[in-house]
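Descriptive structure summary
Here are the chains, one letter per residue:
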Protein chains: 2
Amino acid sequence: MGQLRIALAQTNPVVGDFAANTAKLIEWSRRAASQGAHLAVFTEMFLTGYPVEDLVLRASFVEASIAALESAATELAEAGLGSLPVVVGYVDRAGLAPRVGQPKGAPLDAVALLHEGRVVTRSAKHHLPNYGVFDEYRYFVRGDRLPIFRLHGVDVAIAVCEDLWQQGGPVSVVGQAGAGLLVVPNASPYEREKDDVRLELCAERAREAGCALVYCNAVGGQDELVFDGDSIVVSATGDLVARAGQFQEELLVVDLDLPEGTAEPGQTPFDAGDGSMITVDRFVLTSEPVPAYTPDPPAIAPRMDDIGEVYAALVLGVRDYVAKNGFESVILGLSGGIDSALTATIASDAIGPSRVNVILMPSRYSSDHSITDAEELVRRQGVTSQIVPVGDIVEAFEKEISISGLAAENLQARVRGMLLMSLSNQHGHLVLTTGNKSELATGYSTLYGDSAGGYAPIKDVLKTMVWELSRWRNSNSYDWFMLDAAEPIPANSITKEPSAELRPDQRDTDSLPPYEILDRLLDDYVEKDMGSAELIAAGHDPALVARVIRLVDIAEYKRRQYPPGPKITPKNFGRDRRLPITNRWRETL
Amino acid sequence: MGQLRIALAQTNPVVGDFAANTAKLIEWSRRAASQGAHLAVFTEMFLTGYPVEDLVLRASFVEASIAALESAATELAEAGLGSLPVVVGYVDRAGLAPRVGQPKGAPLDAVALLHEGRVVTRSAKHHLPNYGVFDEYRYFVRGDRLPIFRLHGVDVAIAVCEDLWQQGGPVSVVGQAGAGLLVVPNASPYEREKDDVRLELCAERAREAGCALVYCNAVGGQDELVFDGDSIVVSATGDLVARAGQFQEELLVVDLDLPEGTAEPGQTPFDAGDGSMITVDRFVLTSEPVPAYTPDPPAIAPRMDDIGEVYAALVLGVRDYVAKNGFESVILGLSGGIDSALTATIASDAIGPSRVNVILMPSRYSSDHSITDAEELVRRQGVTSQIVPVGDIVEAFEKEISISGLAAENLQARVRGMLLMSLSNQHGHLVLTTGNKSELATGYSTLYGDSAGGYAPIKDVLKTMVWELSRWRNSNSYDWFMLDAAEPIPANSITKEPSAELRPDQRDTDSLPPYEILDRLLDDYVEKDMGSAELIAAGHDPALVARVIRLVDIAEYKRRQYPPGPKITPKNFGRDRRLPITNRWRETL
């Protein structure tokens, strides 16, 4: 057996910021070297950030990526880190002749090995995900090479992210060709309960490949995606060896005992078991085994609980959207209700309460507690607040045009949206939108009113979970939250009955079923794509099924106009669920 | 040789409306039969409408599609049309075991032959487009069957849409297997100058297949897509035989002399030339040749000119978005400027001026001509108008919050947007957004202000083309336009200098370069994806390149929030161009 110390750089790159990402590559490689690592593994498309979407179809972007890779190899050597082999993801191109149906420029979701100032080898992701939030047939052509390099006597193979998720391909080939270790850079976004799936997957693929597996995942927010880290190392038998924390950058260093390789260098084609061939490219980087040393005990970070994990994802999503888009502060309307209270708390945890601005915008229909509950939150958290009554502005509108009913209700919401946008434009704050997923699903919101803004922290959170998260936050915290306050959310905001307060004595239940019933139905219809017959068979009330499906289907346009927000479920009403606006199909007809 | 009379049903289905689409299938089949057709060909996914996006991933939707097909076969027979063979597109499923990476339910972009009350054969599109506006790897699995049925002695093969555009596959197999005619149902959206490309493509594929080719395309608007019809029949030598009109439903009936088939029935696998196999399934529907008859002279509809074609696409896009979404009327703000004047005119042509409502919303910065030019348009077109001054409302806002500069300019635009939305909510009008592509590209608009609304007729039209279209419309018309007015657009709206009129003496050129220069640069950067080096090499001013690239890149979020509008170029800022919001990449850095 040979020994290797592997450093997994669970890092947070910025899309398109080649300079910053390269600087981070150098810094983290230095940290890995200083801890005696024999190999540093970065994440999928680390140098470009992920996902870059249509940027990859621009020749200039791909050229910049390749140039950044080559420059990174040189810079590592110049920084005295040339002897540390570094595996890092970037974008390359396949050099194929153009044809209809092939992405322009034939880009590759590529990975390279850097060593001694050189790019030693390049390969690319073989399996391209094209479901959920992924559109990789639009962007990439398949990789068909599998590098296996000998490092201190151990054969190390490289695959990329989705190569683990689909049958056949690189993992199957590693199993046939033989290797001592499979390293896999990833950019796998968070979704509830996905960490359990990932561990099982890594264990299964390690057994299939017949070797230990290093799964290094990205961390950080990118528009609607939140990468959760949760990097994993498993043994050849599929046992968990080490695990990094969730939602934080971390250098996970692990010592492994691995079998020494014996196969000859050279190129060999293998049947990938998916209708394609993959060429294994074996070569020797260093053959001398590492002198025996005493391994450090492996780190296995504890798992967050289910609700804490969701809360952490929302905080990181907001923090990175603000920082990566160059905002210094946020602004939101605080109504005294639970949605805006939770949104304000997430914002305070993400960027600190001193950078959170809340506006209280009472109207003629606001209850007394709407102001007192909001003011109590301001007091507890120390955010900056301002009161702007909307009554005179609403009256000014009503003097010019004659409106009533829903149009008049919407007007109040829109005046509030406009006030927030005006203050945003004046002071440069990012507007946070406070709607939850139950509202968004049923269209219980006002276009350009409460739905206005730049980022919507709880758009993927059903109302019942809004309450769960609020209770969780009042009794829990993580050390990387920036708000230090006991019970930051006033209890009355959590317990009172929900109301939009757009007309006298309005209650959400005037328009919607109780949230406990609604949310279960939405979960089955939206996340699970059940048809009406299935929904009724699952025990939902038939009349309610018909009513809710209709509400959900006709609200498609409103959802399209909604800001992005962190994804925590299979269908966050973002790119993971794409429906026509013009659509006469109704499950219930 | 054998004779066949083929009816191409160039029709306009509605997404998800199985009942309406089936009724239209019966009606148009009856028309085809009454004209003595031996075969009726409908368009791709006619029974479901196209595209249906994520609906196809719902089991209940696919089941409804299959049920609609089977019911259509029965209904045709019950209507006495059973003896007319009908080729029609729908959605089916492949019956494959689920696996990661395969669309849920393994749907097929399918086509069937209906005859004598039965579904005689089913096949599916082989080549799946996954570029531009298309995401078909997300939705479909590949078809691998090619039916060739003998009809009155002539062998007729069926392929679908993209099968023509990519190398290899069904066309190649028809060439190897031999057939007398290839019929191809399509749903191919309009783009400028695409009709010339299509004719060349059909000619090339007919020569490759070695037989005549019937290209039957859909017509109508579906969200951002406009299908233009333009169905084509070419001979085996690639010569144009018949052509339907653009942007209108039409039953194109054509008589063809075609070789009689001699091959034996049965199933034969062929190498498709693209790494896959396709099984040809030959069978006999009717072997008796048609008694000789005198063919009718073929119809070749004249082409619209380039600008007229664009204008027609915009009119059809608006007409169908209104009708298919159940609106009765539209509303828009009329400023006296050219953008809103053109938008109003398109709306009048689409749904008739009596259903078009315009609101004049003068502010303290409005020029005199802004009102007089708008009133002149109202007079010429007979649309319904109302004047709502915004000054008092703006003042009511300014009493509550202190804003200035750009925030104050935006406020005026937002007050107008809110007035339109309020009147829309009150009366049920669809709000038309009047911004053009030059503004949208550079972010020269106000979020929730002039960008508010439900459909944006000229969002894909650069400012210079806004003027071209206006001049064209003042001297041209088509018989299916619903506005009958000489020079519907006041000349002053066309000739005056553009201004947003949000501060004293404002001109667009205060913020933007002259549109003649800007639009050429936008075309190269946006449509052609040129990098900054290429742009400079193409003759654009380097400082302007840097400035405009920056403007375009940072306006991504605004564009995401913009309503859909008819697509006329490769990149309409809709699903054909997908960029991250969080993006630090700048071409010019």
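In this report, we go over the structure that sits alongside the text. (Residues numbered from 1 in each chain as written. Chains lettered and ligands numbered in written order. Predicted model: local features only at pLDDT ≥ 70, side-chain atom pairs only at ≥ 80, totals over all residues. Heavy atoms only, no water.)

Right, let's get into unusual backbone geometry. All names here are of chain A. Looking along the chain, the bond that leaves tyrosine 50 and enters proline 51 is cis, with omega of -10 degrees. If you check the backbone angles, glutamate 53 has positive phi at about 50 degrees while not being a glycine. With respect to the secondary-structure elements, glutamate 53 resides in the loop between strand 2 (39–41) and helix 2 (59–78). With a phi angle near 50 degrees, glutamate 116 is a residue other than glycine that sits in the positive phi range. Positionally, glutamate 116 belongs in the loop between strand 4 (107–115) and strand 5 (118–124). (Helix = DSSP H or I, 4+ residues; strand = E, 2+ residues; numbered from the N terminus.)

Of the transformation placing chain A onto chain B, the axial shift is 0.0 Å and the rotation is 180 degrees, giving an RMSD of 0.0 Å. The transformation relating the two chain copies, once decomposed into turn and shift, fits a two-fold axis. Among all residues of chain A, the one whose C-alpha sits closest to the rotation axis is glutamine 561 of chain A, at a distance of 2.6 Å. Of the residues that chain A buries at the interface, 100% are likewise interface residues in chain B, meaning the two copies contact each other through the same surface. (Least-squares fit on C-alpha atoms with pLDDT ≥ 70 in both. Contact = heavy atoms within 4.5 Å.)

Next up on the list: the nonpolar core. What tends to happen in soluble globular proteins is that the nonpolar side chains get buried as a cluster. Ranked by internal contacts, the top residues of the largest apolar core, which has 194 residues, are Phe397 and Val415 of chain A together with Phe397 and Val415 of chain B. Among all residues touching phenylalanine 397 of chain A, those that are not within four sequence positions of it are Leu411 and Val415 of chain A together with Ile393, Phe397, Val415, Met418 and Leu419 of chain B. (Core = buried A, V, L, I, M, F, W, Y, C linked by side-chain atoms within 4.5 Å. Buried < 20%, exposed > 50% of the residue type's maximum accessible area, 1.4 Å probe, protein only.)

Residues and elements named next belong to chain A. The buried fraction of helix 5 (residues 170–177) amounts to six of the eight residues, a majority that puts the element mostly inside the structure. Residues of helix 5 that are buried include every one of Pro170, Val171, Ser172, Val173, Val174 and Ala177, and no others. Two residues or fewer after helix 5 comes glycine 178, characterised by a positive phi angle close to 90 degrees.

Bringing the interface of chain A and chain B into the picture now. Contacts between the two partners involve 88 residues from chain A and, on the opposite side, 88 residues from chain B. It is Arg58, Arg584 and Trp585 of chain A in chain A that bury the most area against chain B; as a group they hold 10% of the surface buried on that side. At the boundary of chain A with chain B, the tally comes to six salt bridges. Aspartate 17 of chain A is paired through a salt bridge with arginine 584 of chain B; the nearest N and O atoms lie 3.1 Å apart. The interface formed by chain A and chain B contains 35 residue pairs in polar contact (both at pLDDT 80 or more). Of all elements in the fold, only helix 2, helix 3 (136–139), helix 4 (162–165), helix 7 (306–324), helix 10 (391–400), helix 11 (405–427) and helix 19 (556–560) of chain A reach the threshold of two or more residues within the side of chain A that touches chain B. Examining the composition of the side of chain A that touches chain B, we find that 12 residues originate from one element, helix 11 of chain A, more than from any other. When its residues are assigned to classes, the side of chain A that touches chain B shows 43 nonpolar, 22 polar and 23 charged. (Buried area = accessible area lost by both parts, 1.4 Å probe. Salt bridge = Lys/Arg side-chain N within 4 Å of Asp/Glu carboxyl O. Polar contact = N/O pair within 3.5 Å; in protein donor to acceptor, adjacent residues only side chain to side chain. Nonpolar A, V, L, I, M, F, W, Y, C, P; charged D, E, K, R; others polar.)

Keep in mind these numbers describe shape, not what the thing actually does.
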